[in-house]
Amino acid sequence: MSKLPLQGKPWAELETELKAAKADDVDWVNGRAAVYIHYAGEDVLEVAKKAYLMYFSENGLGPNAFKSLARFENDVVNFGLGLLNGGPDALGAMTTGGTESIFLAVKAARDRARARNPNLGTPEILMAQTAHPAFDKAAHFMGLTTRRLPVRPDFTADPGAMRDAIGPQTIMLVGSAPAFPHGVVDPIAEIAAVAQERDLWMHVDACVGGYIAPFARKLGVDLPPFDFAVPGVVSISADLHKYGYTAKGASTLFFRDGEAFRFMLYDFDNWPRGRYITKTLVGTRPGGAIAAAWAVMNYLGEDGYLKVTERILNVRRRLEAGVTALGLKVWGRPQLGIMAYGSEDRDIRAIGERLAARGWLVGYLTQPWGIHLMLNLTHEPIVEAYLADLAAAIEEAAAMDRPSTAAASYS
Ligand SMILES: Cc1ncc(COP(=O)(O)O)c(C=O)c1O
């Protein structure tokens, strides 16, 4: 078991140790990981790192002390609202990640529902089977229940099934844009119509799509409407540390209006150190992540995001074509940076095992079994190498004399 050293070590030694420690990690720099990382080029990374370091010690908990951070956050929120068709009354805040944004959306929905109906029992969230576990986690932590509903054959949420599933405790409907497993966008407008009809809170989980879908649309991708342009959408989560390419620890949560937004806040005054009013779940907030988000967004601008998006979409298209040419099947109709593929007649887990043996970090999908890819610019140079290894893996898997027992784990 590791123990705190009795005496400290010099930085030079630690730096060497840190560098060496990375040897055991996945080689994401060379495109071996299609999960966890969102890379948009060395220049973007440099901007994020420099801005982060400039605000390394500053704390977003103190907007009066760090007026610059308050201004950066305000700018970032407005950039996001501009991209997601927020109207004049829309508001939002930066959080530390998708899970925190989702927690706060669930809290706001729960508190609004309780304000409207003080006798409400245990509130319930309805969503498709493909929605992110952060909703279940939030419900678990905050005393709600969730129900996951089967998806349609194209792996998108089924608005009819949601309508049928609504019960007296239902307070919130969720749609994903896109959902993480297959990378397909749910029919947000149809779900929102159901939510409006039944006066429910509609949340759009655009954690993974919020900062790529608006640009993909501008590039001609025929995405269904998924943001505040859709009547009935009350809140949207959109992660900056994914396709916003900013430093980790940065997401945004938006609300259609001030009435919804105020349910996000927490206000407390019964202790000896003064009123404590926060928008977020966390108290201390990394100033670096806020500054880095502001800097990267200003550095890239719309033009930069369009260029990166186009390149990532092309990587996905090349991979889709390559995978299909090898006789495998892309699940559903991915339109952004995520895709998943499998096979109706081959053991895709065995293929995954063989790919892993060739040094690729393989992420599995389980419903149906498949291989999951969340793409970024580290994958641009490796498409051909990946497909060549996939072709070899297919051959090797066919020769395997046992079914694969590869397990799917996301974290
Ligand atoms: C659709 C979706 N929602 C929420 C999350 C959670 O985000 P985080 O890991 O930043 O908490 C993810 C993460 O991949 C996601 O893909």
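Values in this document were obtained by computation on a predicted structure and should not be read as measured data. All residue numbers refer to position in the chain's written sequence, counted from 1. Since the coordinates come from a predicted model, pLDDT governs what is reported: local features require at least 70, and pairs of side-chain atoms require 80 or more to be given and counted, while whole-chain, interface and lining totals use all residues. Values reported for side chains reflect all heavy atoms of the structure, with hydrogen atoms and water molecules removed beforehand.

**Notes on the sheet that holds strand 12 (residues 363-366)**
Backbone hydrogen bonds are what pair the strands of a sheet, in a parallel or an antiparallel way. Rules: Should DSSP find at least two bridges between two strands, the strands are taken to pair. Helix and strand definitions follow DSSP, with helices as H or I runs of at least four residues and strands as E runs of at least two, each counted in order from the N terminus. Pairs of residues are marked as contacts when any of their non-hydrogen atoms sit within 4.5 Å. For every element, the axis is a line fit to its C-alpha atoms; helices are fit only across the contacting stretch, and the angle between N-to-C directions ranges from 0 to 180 degrees.
Here four strands make up an open sheet; going across it, the order is 10-11-13-12 and the pairing antiparallel. Since the sheet does not close on itself, it has two edges, and those belong to strand 10 (329-330) and strand 12, each with one partner. When strand 10 meets strand 11 (residues 338-342), the two strands line up antiparallel, connected through two bridges. Within the sheet, the bridge partner assigned to lysine 329 lies in strand 11 and is glycine 342. Together, strand 11, strand 12 and strand 13 (369-374) form the strand contacts of helix 11 (residues 348-357), whose direction differs from that of strand 13 by roughly 45°.

**Quick look at the domain arrangement of the protein chain**
Put simply, the test is: Domain boundaries shown here were taken from an automatic or database domain assignment. Here the quantity called buried area is the accessible surface, traced with a 1.4 Å probe, that two parts lose on coming together, added over both. Within this document, salt bridges are pairs made up of a side-chain nitrogen of Lys or Arg and a carboxyl oxygen of Asp or Glu, the two lying within 4 Å of each other.
Split into domains, the protein chain comes out as domain 1 (28-39 + 303-398) and domain 2 (48-297). Between domain 1 and domain 2, the residue contacts involve 29 residues of the former and 30 residues of the latter. Carbon and sulfur atoms make up 69% of the area that domain 1 and domain 2 hide from each other, which totals about 2500 Å². Counting the surface domain 1 buries against domain 2, the share from its top three residues, His38, Tyr305 and Leu336, is 31%. For the pair domain 1 and domain 2, the interface holds one salt bridge.

**Points about the packing of helix 11 against helix 12 (residues 383-398)**
Relative placement of two packed helices is described by the angle separating their axes and the distance separating the axes. Note the cut-off: An angle below 35 degrees is treated as roughly parallel, one above 145 as roughly antiparallel, one from 65 to 115 as roughly perpendicular, and anything else as oblique. The hand of a helix crossing depends on one turn: near helix anticlockwise from the far one by less than a right angle means left-handed, and clockwise means right-handed. Residues are grouped as follows: nonpolar covers Ala, Val, Leu, Ile, Met, Phe, Trp, Tyr, Cys and Pro; charged covers Asp, Glu, Lys and Arg; every other residue, Gly included, is treated as polar.
Between helix 11 and helix 12, the least distance of the axes is 8 Å, while the angle of their chain directions is 125°. It follows from the interaxial angle that helix 11 and helix 12 lie oblique. For the pair helix 11 and helix 12, the sense of crossing is right-handed. Note on element contacts: helix 12 touches helix 11 through Tyr386, Asp389, Leu390, Ala393, Ile394, Glu396 and Ala397, opposite Ala350, Ile351, Arg354 and Leu355. Within the contact of helix 11 with helix 12, the residues separate by chemical class into eight nonpolar, no polar and three charged.

**Describing the pattern of salt bridges**
Short version of the rule: Throughout this description, buried means an accessible area under 20% of the type-specific maximum (1.4 Å probe, protein chains only), exposed means over 50%, and partly exposed covers the range between.
This model, assessed by the stated rule, comprises 24 salt bridges. Close ionic contact of glutamate 124 with arginine 147 constitutes a salt bridge, the shortest N to O distance being 3.8 Å. Residue glutamate 124 is found in strand 2 (residues 124-128), and its partner arginine 147 is found in strand 3 (residues 145-149); the two are separated by 23 residues along the sequence. For arginine 147, a relative accessible area of 37% translates into the label partly exposed. Across the pair glutamate 353 and arginine 402 runs a salt bridge, and its minimum N-O distance is 2.9 Å.

**Quick word on the packing of aromatic side chains**
This is how it is decided: Only Phe, Tyr and Trp rings are paired, with Trp represented by its six-membered ring, and only when their centres lie within 6.5 Å; those with planes under 30 degrees apart are stacked, over 60 edge-to-face, the remainder tilted. Only when the NZ of Lys or the CZ of Arg is both within 6 Å of the ring centre and within 35 degrees of the ring normal is a charge said to sit over the ring.
Per the counting criterion, the structure on display carries 16 aromatic pairs. A network of ring pairs unites the aromatic residues Phe215, Tyr243, Tyr245 and Tyr305 as a single cluster. Between arginine 32 and the ring centre of tryptophan 360, over which it is positioned, the NZ or CZ distance is 3.9 Å.

**Digging into the layout of surface pockets**
Defined as follows: With a 1 Å grid spanning the protein atoms alone, the term cavity applies to any set of points in which a 1.4 Å probe fits but cannot get out, the term pocket to an open set with protein on both sides within 12 Å along at least five of seven lines, and the term lining residue to any residue with an atom within 4 Å of a point. Grid points are joined across faces, edges and corners, and a volume is the space filled by probe spheres set on the points.
Considering only enclosed or pocket space, the largest pocket measures out at about 630 Å³ in volume. Taken together, 26 residues line the largest pocket, and the ones lying closest to its centre are Phe180, Pro181, Tyr364, Leu365 and Tyr410. Among the residues making up the lining of the largest pocket, the classes are represented as 15 nonpolar, 10 polar and one charged. Each of domain 1 (28-39 + 303-398) and domain 2 (48-297) contributes no fewer than three residues to the lining of the largest pocket.

**Quick look at the site of the ligand**
Stated precisely, the cut-off is as follows: By convention in these notes, a residue is near a molecule or strand provided one of its non-hydrogen atoms lies within 4 Å of it. Two N or O atoms count as a polar contact when they lie within 3.5 Å, although within protein this holds only if one can serve as hydrogen donor and the other as acceptor, and sequence-adjacent residues are included solely when both atoms are side-chain atoms. Only the protein chains shown count as covering a residue, and every accessible area follows the Shrake-Rupley method with a 1.4 Å probe.
Residues in contact with the ligand amount to 14 residues; listed here are only the nearest, Thr99, Asp205, His241, Lys242 and Tyr410. At 3.0 Å, a backbone N or O of glycine 98 approaches an oxygen atom of the ligand. One of the side-chain N or O atoms of aspartate 239 is found 3.5 Å from an oxygen atom in the ligand. When the free accessible area of the ligand is taken as 390 Å², the share hidden by the protein chains comes to 87%. Here the element with the most residues in the shell around the ligand is helix 4 (residues 98-116); it accounts for three residues. Taken together, the residues that form the shell around the ligand break down as six nonpolar, five polar and three charged.

**Details of the nonpolar core**
Here is the rule we go by: Side-chain atoms within 4.5 Å are what join buried Ala, Val, Leu, Ile, Met, Phe, Trp, Tyr and Cys residues into a set we call a nonpolar core.
The biggest cluster of nonpolar side chains holds 101 residues, and the ones touching the most others in it are Leu173, Tyr341, Tyr386 and Leu390. If one sorts the elements of this core by residue count, helix 10 (residues 287-325) sits on top with 17 residues. Two domains each provide a minimum of three residues to this core, namely domain 1 (28-39 + 303-398) and domain 2 (48-297). For leucine 390, the contacting residues outside a window of four places in its chain are Val323, Leu326, Leu328, Tyr341, Ile351 and Leu355. If you look at the next biggest cluster of nonpolar residues, it comprises 31 residues, including Cys207, Phe255, Phe261 and Met264.

**Notes on the environment of methionine 264**
Examined against the element boundaries, methionine 264 turns out to sit in the loop between helix 9 (258-261) and strand 8 (266-268). Methionine 264 sits 17 residues away from leucine 281 along the chain, and the two C-alpha atoms are 9.1 Å apart. Excluding its chain neighbours within four sequence positions, the residues that come into contact with methionine 264 are Ala93, Leu104, Lys107, Ala108, Leu253, Phe255, Thr278 and Lys279.

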